Amino acid sequence: MTQFSKFLSASAGIVLTLAATTAHADVLFWSTQARPVEEAKAMRDTVLNGFDGKVDYQPNEDGPWLTRLQAELQAGSGAIDVLGALDGNFAAMKADDLVDLDDLGLSAKSEAYNALAHMGTANMQYIPWMQATYIMAANKKALAYLPEGADINALSYDQLIQWTANIENETGEKKFGFPAGEKGLKHRFFQGYLYPSYTNGVVRTFGSDDAVVAWEKFVELWSHTNPGSTNFSFMQEQLLSEDVWIAWDHTSRLAQAFNARPDDFVAFPAPAGPKGRGFMPVLAGLAIPRTAADVDGAKALIKYMLKPETQIATLRATNFFPVIDTELPSDLPFAVQVEGKAVATMTASADANPGLLPTGLGDKGGDFNRVYNDAFERIVLGGQDIKGVLEEQKQVLSQIITETGAPCWAPDEPSQGACPVE
């Protein structure tokens, strides 16, 4: 064989190898979720094991995730097939960077989630994938004091206040608990629950008349709250000690109570205000970048991830709850079962009004949270004039938003550029 013949033979072999590699390439699943080693292993070994095809699951921190994605989008081609990320990650993207997914016929049980997934367009830009959030929990001893006619799965803030007042009037004890301690997540309550429920916003409406009403209602609720709440951070502890009978917190910070004493506690949705049932979802979704190498394989994988059995496997692997209507197996920990039902009821309620995690704030996230925490300390603990405090804090909030250029996020109306503090 001549040298030229050997060269042609070798070249042909390389071409065939590359063609074979391309034909059998794994679907690249580029995710910001399930990053811990144990969760990533469970995703690969269990969740994705039943997919009819090969998947390369690659979890990354938000920064590297976005850097590679942007590089591929700018280049006009890439290897990433499926994106897995929080709603906030997608909100920072342009809708035309993603493939429309209406043809998949997939959606979440929550219409509020499906609306978010449209990203302001007429089409599904991502498919809701999995969720976590904050809910309410109560000792069954408290149920006897519910206001007449109240449905625990559809409470209003007025009914919650009346419930806590009934308990105090009958027992002489303040049995509502709130995580206002140093490590408590009180800022998430104000940002995702109180403000959306009363103002249908969180930034635009910060100093509004509706916001004044919201704080007035919280002051009223605080009057029936265990005063030790300023030292409470994980409400499962106070539920188990029975220092409180009713509490709000993240599902992971209530789980111990449900698992330790499954017969003693109930889980239920957060209450509703005049503008809906505000709640803060940690909502993850699945999308396909316009530069995907294997769109068909990506769509097949997304369909697989929304199957009931895959949603349950994802729950076991990540502790994120399903977004579709599916029965939870009886062998799951009790906390997962009871919290899962409460989450499903809350997110699918007709008056659901999700208040998303803040986005676009960069290293100013802590300063943003402090605005709400400072308002709480001055208004609720310090007894200062509500309108005056909000006017002062509004200036601080406006400076943060202006410096970061953060656009509005739900439930605030979208903005062109930095979200206005009105």
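Residues numbered from 1 in each chain as written. Predicted model: local features only at pLDDT ≥ 70, side-chain atom pairs only at ≥ 80, totals over all residues. Heavy atoms only, no water.

Averaged over all residues, the pLDDT of the protein equals 93, while 94% of them reach at least 70. Confidence drops under a pLDDT of 50 for residues 1-24, and excluding neighbours within four residues, the segment shows 2 contacts in the predicted structure. (pLDDT = per-residue confidence, 0-100. Contact = heavy atoms within 4.5 Å.)

Next up on the list: the pattern of salt bridges. For the structure shown, the criterion picks out 23 salt bridges. Asp-210 is the partner of Lys-275 in a salt bridge, and the nearest nitrogen-oxygen pair spans 2.9 Å. Of this pair, Lys-275 sits in the loop between strand 8 (265-268) and strand 9 (277-279) while Asp-210 is found in helix 8 (residues 209-222), placing the two residues 65 residues apart along the sequence. Exposure remark for Lys-275: the relative accessible area of 36% places this residue in the partly exposed category. Looking at Asp-210, the relative accessible area reads 32%, which means it is partly exposed. We note a salt bridge from Glu-403 to Lys-364, for which the minimum N-O separation is 3.4 Å. Within this pair, whereas Glu-403 is found in helix 15 (residues 386-404), its partner Lys-364 is found in the loop between strand 12 (352-354) and helix 14 (365-381), the two being separated by 39 residues in sequence. (Salt bridge = Lys/Arg side-chain N within 4 Å of Asp/Glu carboxyl O. Helix = DSSP H or I, 4+ residues; strand = E, 2+ residues; numbered from the N terminus. Buried < 20%, exposed > 50% of the residue type's maximum accessible area, 1.4 Å probe, protein only.)

Read from one edge to the other, the open sheet built from 4 strands follows the order 6-7-5-8, with strand pairing classed as mixed. The open sheet terminates on both sides in strands that have one partner only, identified here as strand 6 (176-177) and strand 8. Relative to strand 7 (residues 246-250), strand 6 runs parallel, the two being bridged by 2 bridges. In the sheet register, Phe-176 faces strand 7, and the bridge partner there is Ile-246. Packed onto the sheet, helix 13 (residues 334-347) meets strand 5 (134-139) and strand 8 and runs at close to 125° relative to strand 5. (Pairing = 2+ DSSP bridges. Axes fitted to C-alpha atoms, helices over the stretch in contact; angles between N-to-C directions.)

Quick look at the environment of Asp-100 now. Counting through the fold element by element, Asp-100 comes out in the loop between helix 4 (87-91) and helix 5 (111-117). Counting along the chain gives 46 residues from Asp-100 to Leu-146, while the straight-line C-alpha distance between them is 46 Å. The residues contacting Asp-100, other than those within four sequence positions of it, are Asn-123, Met-124 and Gln-125. Of note is the side chain of Asp-100, whose polar atom sits 2.7 Å from the side chain of Gln-125. (Polar contact = N/O pair within 3.5 Å; in protein donor to acceptor, adjacent residues only side chain to side chain.)

Time to look at the pairing of strand 10 (residues 282-287). Extensive coverage of strand 10 is indicated by the burial of 6 of its 6 residues. The two faces of strand 10 match: Val-282, Ala-284 and Leu-286 on one face and Leu-283, Gly-285 and Ala-287 on the other face are all buried. Note: strand 3 (residues 80-86) against strand 10, 4 bridges, orientation antiparallel. Its bridge partner being in strand 10, Gly-84 is matched across the sheet by Leu-286. With 5 bridges joining them, strand 4 (residues 127-132) and strand 10 adopt antiparallel strand pairing. Across the sheet, residue Pro-128 finds its bridge partner in strand 10, namely Gly-285.

Turning to the nonpolar core, a few remarks are in order. Ranked by size, the top nonpolar core spans 142 residues in total, and within it Phe-29, Ile-246 and Met-305 carry the most contacts. Ignoring anything within four residues of it in the chain, the contact list for Met-305 reads Phe-29, Met-43, Val-47, Leu-48, Trp-129, Leu-286, Thr-310, Gln-311 and Thr-314. (Core = buried A, V, L, I, M, F, W, Y, C linked by side-chain atoms within 4.5 Å.)

Now for the sheet that holds strand 3. Spatially, 2-1-3-10-4-11 is the arrangement adopted by the 6 strands of the open sheet, whose pairing is mixed. For this open sheet the edge positions go to strand 2 (55-59) and strand 11 (321-322), each flanked by a neighbour on one side alone. Bridging between strand 1 (residues 27-31) and strand 2 involves 5 bridges; their strand directions are parallel. Looking at the pairing, Ser-31 lines up with Pro-59 of strand 2. Packed on one face of the sheet, helix 3 (residues 62-75) meets strand 1 and strand 3 and runs near 140° to strand 3. Each of strand 1, strand 2, strand 3, strand 4 and strand 10 is contacted by helix 11 (residues 295-305), which is oriented at about 60° to strand 1, the strand it contacts most.

Between helix 7 (residues 186-199) and helix 8, the least distance of the axes is 9 Å, while the angle of their chain directions is 120°. Once helix 7 is placed against helix 8, the crossing between them reads as right-handed. On the side of helix 7, the interface is formed by Phe-189, Phe-190, Leu-194, Tyr-195, Tyr-198 and Thr-199, while helix 8 contributes Asp-210, Ala-211, Val-213, Ala-214, Trp-215, Lys-217 and Phe-218. Classifying every residue of the contact of helix 7 with helix 8 by side-chain character gives 10 nonpolar, 1 polar and 2 charged. (Left-handed = near helix turned anticlockwise from the far one by under 90°. Nonpolar A, V, L, I, M, F, W, Y, C, P; charged D, E, K, R; others polar.)

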